[in-house]
Amino acid sequence: MPFTSSSLSPETLAVHSQLKPSEPYKDIVSPIYVATTYERAADNRYPGGRVYSRDGNPTYIDIEQCLSKLENGEDALLFASGMAAATSVFQALQPESTVLAPKHMYWALRKWLIQFTQQWKIHLHFYENGNSDEIITLLSQHQVDLIWIETPANPTWELTDVAAITKSAKQKGTRIAVDATVMTPVLAKPLDWRADLVMHSATKYLNGHSDVIAGALVTKVVSPFWQRIREIRALGGSVLGPFEAWLLQRGLKTLFLRVKTASANALELAYYLEQHPQILSVSYPGLSSFPQHELAKTQFTNGFGGMLSIRIKGGAQQAIAVAAGLQVFKRATSLGSVESLVEHRKSVEGEGSACPDDLLRLSIGIENIHDLIQDFRQALDQLEK
Ligand SMILES: *Cc1c(COP(=O)(O)O)cnc(C)c1O
């Protein structure tokens, strides 16, 4: 029986995102299409069907199709950044729309959303992360146009039970969009929970090497709302460059290897840290001490992800001292790359942040787990007891 891409497993699809070797040389690695403009034929038509590459670039075709298959969607769009992808969803709403968003969400998006909704006259309501009952109550009180969900949510990784709210949302014609940057299609597929849109900061796990800023949206169905988003990308110009797209395609080939390894490392490190006397608490969906561990077990496959947060006994100064003592972990913001990163989250979020000031956010990479544990052991040993 011939293989079709729908019969292939996601690991294989990620490796073979290039649908077929390109002509005329049959390269097994995709070419990068750099042209911004295309020639008209003498009869005034465009024989290649392309006019100008702000509408889309041929380098994207296979990558967008691959992402859409990995998420079980119908179509996908690449963007110049995760923020460009996320903001285009809100820009596609009409003024006077109503939006629900979580209290804890990616910091820059929250900041942008507050400003944008004021200027655009959108009614914005915040809900407590992980509280699907509150979302259902808000749905019964307002005609909601869009629910924005981030799961797991930065930086404490609360989960939202998307499947639990879809029934109420569908009855009211409310769209659900999920920021699945931390989840990745390796761990779960929100479109299978009947969400309408999935957003990724492809800067993080999808690319995975801290060398590309990119974003993506995947839709369950091609709707007029989706076409408006496509137009916002083309007219607003938030397109990804072809070189970045090519790097992203290369990164995607190892997505499953990277996320599975990072998840296995994160779980072992979480076990180690949880029993360490200098650690106040560890927040990681894979631990049985995590308040939503039962939900996590039903939502995640292939592991519980590579992100965890820890709180250090003794407050901000001690937390910053632990970060300073780490040698394999690099002190930097961002997440989802092959190298392990640590950051004192409150210092990044700044004034008005609800993040505890003794919290360190860890993005676990694919190093040998013994080196990561040893790194924490020596950094924690340096603390004054
Ligand atoms: C990084 C990030 C974003 C923003 O993506 P950029 O690519 O930096 O624009 C949005 N959501 C989450 C969860 C992120 O981690």
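- Under the annotation held in an unreviewed UniProt entry, the protein chain carries the name PLP-dependent aspartate aminotransferase family protein and is attributed to Leeia speluncae.
- The protein chain has a UniProt comment under Cofactor (unreviewed entry) that states "pyridoxal 5'-phosphate".
- Recorded in UniProt for the protein chain, the comment headed Sequence similarities (unreviewed entry) runs: "Belongs to the trans-sulfuration enzymes family."

Observations regarding the pattern of salt bridges
- Per the stated rule, a full pass over the model turns up 12 salt bridges.
- Note that R311 and D358 form a salt bridge whose closest N and O atoms lie 2.8 Å from each other. One end of the pair, R311, is in strand β9 (residues 307-312); the other, D358, is in the loop between α13 (345-349) and β12 (359-363), with 47 residues separating them in the sequence.
- The buried category is assigned to D358, whose relative accessible area is 8%.
- Taken together, the shared-partner salt bridges connect E343, R345, E349 and R361 into one network.

Notes on helix α5 (residues 132-141)
- Along α5, the residues that are buried comprise S132, I135, L138 and L139. Across the axial projection of α5, the buried residues extend over an arc of 115°, all falling on one side. Away from its buried face by more than 90 degrees, α5 exposes D133, S140 and Q141.
- N-cap assignment for α5: the residue whose side-chain oxygen lies 3.3 Å from the backbone N of D133 is N131.

Remarks on the sheet that holds strand β5 (residues 175-179)
- Strand order in the open sheet formed by seven strands is β1-β7-β6-β5-β4-β2-β3, and the pairing between neighbours is mixed. The open sheet is flanked by β1 (75-79) and β3 (123-127), the only strands paired with a single partner. Each strand of the sheet is rotated relative to its neighbour by a mean of 20°, with strand direction disregarded.
- Inspection of the sheet shows strand β6 (residues 197-201) paired to strand β7 (residues 215-219) by five bridges, in the antiparallel sense. Looking at β7, one finds that L197 is bridged to T219.
- Contacts from helix α4 (residues 107-119) reach β2 (98-102), β3 and β4 (146-150), with the element oriented near 145° to β3.

Parameters and conventions
Residues numbered from 1 in each chain as written. Predicted model: local features only at pLDDT ≥ 70, side-chain atom pairs only at ≥ 80, totals over all residues. Heavy atoms only, no water. UniProt positions renumbered as here; feature names shortened; annotations may be inferred. Salt bridge = Lys/Arg side-chain N within 4 Å of Asp/Glu carboxyl O. Helix = DSSP H or I, 4+ residues; strand = E, 2+ residues; numbered from the N terminus. Buried < 20%, exposed > 50% of the residue type's maximum accessible area, 1.4 Å probe, protein only. Arc of directions from axis to C-beta. Polar contact = N/O pair within 3.5 Å; in protein donor to acceptor, adjacent residues only side chain to side chain. Pairing = 2+ DSSP bridges. Axes fitted to C-alpha atoms, helices over the stretch in contact; angles between N-to-C directions. Contact = heavy atoms within 4.5 Å.

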